[in-house]
Structure formats: structure tokens, C-alpha cells
Amino acid sequence: REVWEAEEGMRKEEEACLAEINEGVERDDVRAMLMRLVEVDLLTALALKPGLTEPKLRGTTLKLKGFRHPAVENAKPLSLEVDEKCLIVGPNGSGKSVVLSSVLSAAYMAACGVPLPCEEAEVGWCFPEDEGMALLQGDGQEVG
């Protein structure tokens, strides 16, 4: 019983401390502070890593010049410009899925304020900040 009372006392003390810390802190203040930290982090990344470009966020165009998918080792550079809709066609194994994955990765990275591994980037696609994103590829067939 003494242990339980001690733990309960510690829990109440922690709650009181957190309430005191949170008192007077506005959500907009925290958001502004986090955005400033993101900006500093972005500038630091750009200064330390050559080959990264800060994407321009505007319009509805997606323009990538020399984009290399960050998760693909020795990726070939991808350059494209899409205004509204785009159809990707080609035979099996021609890289359609890699192009789609690259485009979505670039758009999501740009929306998150991450510098892109390319020569030039203009991204007009934005994702709602409270939404997650998932890219599911393939047709669900088992191979092998």
C-alpha cells in the first residue's frame, strides 16, 4: 500500500509539473517554434549536403530536374514536368513503379520541407498535415 501511495504521489506531482509547464503555452506558439526549427534544419542540411535543392512550393505543377530517388542506390536521374495529369505506360520492368514512387516521394518530401536530391524542383502538390500517406504498389499476387 505504501508503494502504491508513493507512486500515486509521484504521478500527481508529474501532472502538476506538466500543467505548470503547459500553462500559457499556445498551440500556435509551439507550431511557429517547430516551423522555425524545421527551417533551421533545412538550411543546415542544404549547407552540409551538396546536391540537395530546396523545392519551390507553388501552383499545381510538378517539375523535377535530375531527381534521384533517395531510397534507390545508384538511381538514374529523373526529369519531368507535369501540369495536371500524367499517364505512365511501358512494358514490364521499364521503371513505371520507380517513377511513380519517385514522384510521390519528391512531393511528400517537399511538403514536409525536406530538401530534394535534384538540380531543380517545383512542387505544387501538398498533403494535408494531419493525413498520412502510403504508397501501395503491385497487384497483390504472390510471387514464387
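Quick summary incoming for the structure in this document. (Residues numbered from 1 in each chain as written. Predicted model: local features only at pLDDT ≥ 70, side-chain atom pairs only at ≥ 80, totals over all residues. Heavy atoms only, no water.)

1. With respect to the nonpolar core
Counting 15 residues, the largest nonpolar core has L62, L64, F67, L80 and L116 as its most contacted members. Put simply, the parts of the chain that give this core at least two residues each are strand 2 (62-67), strand 3 (78-82), helix 3 (96-111) and strand 4 (120-123). Counting residues per element, this core draws most heavily on helix 3, which supplies five residues. Contacts of F67, omitting those with residues within four sequence positions, involve K76, P77, L78, S102, A106, L116, P117 and C118. (Core = buried A, V, L, I, M, F, W, Y, C linked by side-chain atoms within 4.5 Å. Buried < 20%, exposed > 50% of the residue type's maximum accessible area, 1.4 Å probe, protein only. Helix = DSSP H or I, 4+ residues; strand = E, 2+ residues; numbered from the N terminus. Contact = heavy atoms within 4.5 Å.)

2. Considering the pairing of strand 3
Side-chain alternation along strand 3 places L78, L80 and V82 on a buried face and S79 and E81 on a face that remains uncovered. Judged from the four bridges that link them, strand 2 and strand 3 form a sheet pairing that is antiparallel. Across the sheet, the residue bridging to K63 is E81, located in strand 3. (Pairing = 2+ DSSP bridges.)

3. Quick word on the sheet that holds strand 2
Taking strand neighbours across the sheet as the criterion, the four strands line up as 1-4-2-3 in an open arrangement whose pairing is mixed. The open sheet has two edge strands, strand 1 (56-57) and strand 3, and neither has a second partner. Both strand 2 and strand 4 contribute to a ladder of four bridges, which runs antiparallel. Opposite K63, over in strand 4, you have E122 as the bridge partner.

Shape is all these values report; function is a separate question.
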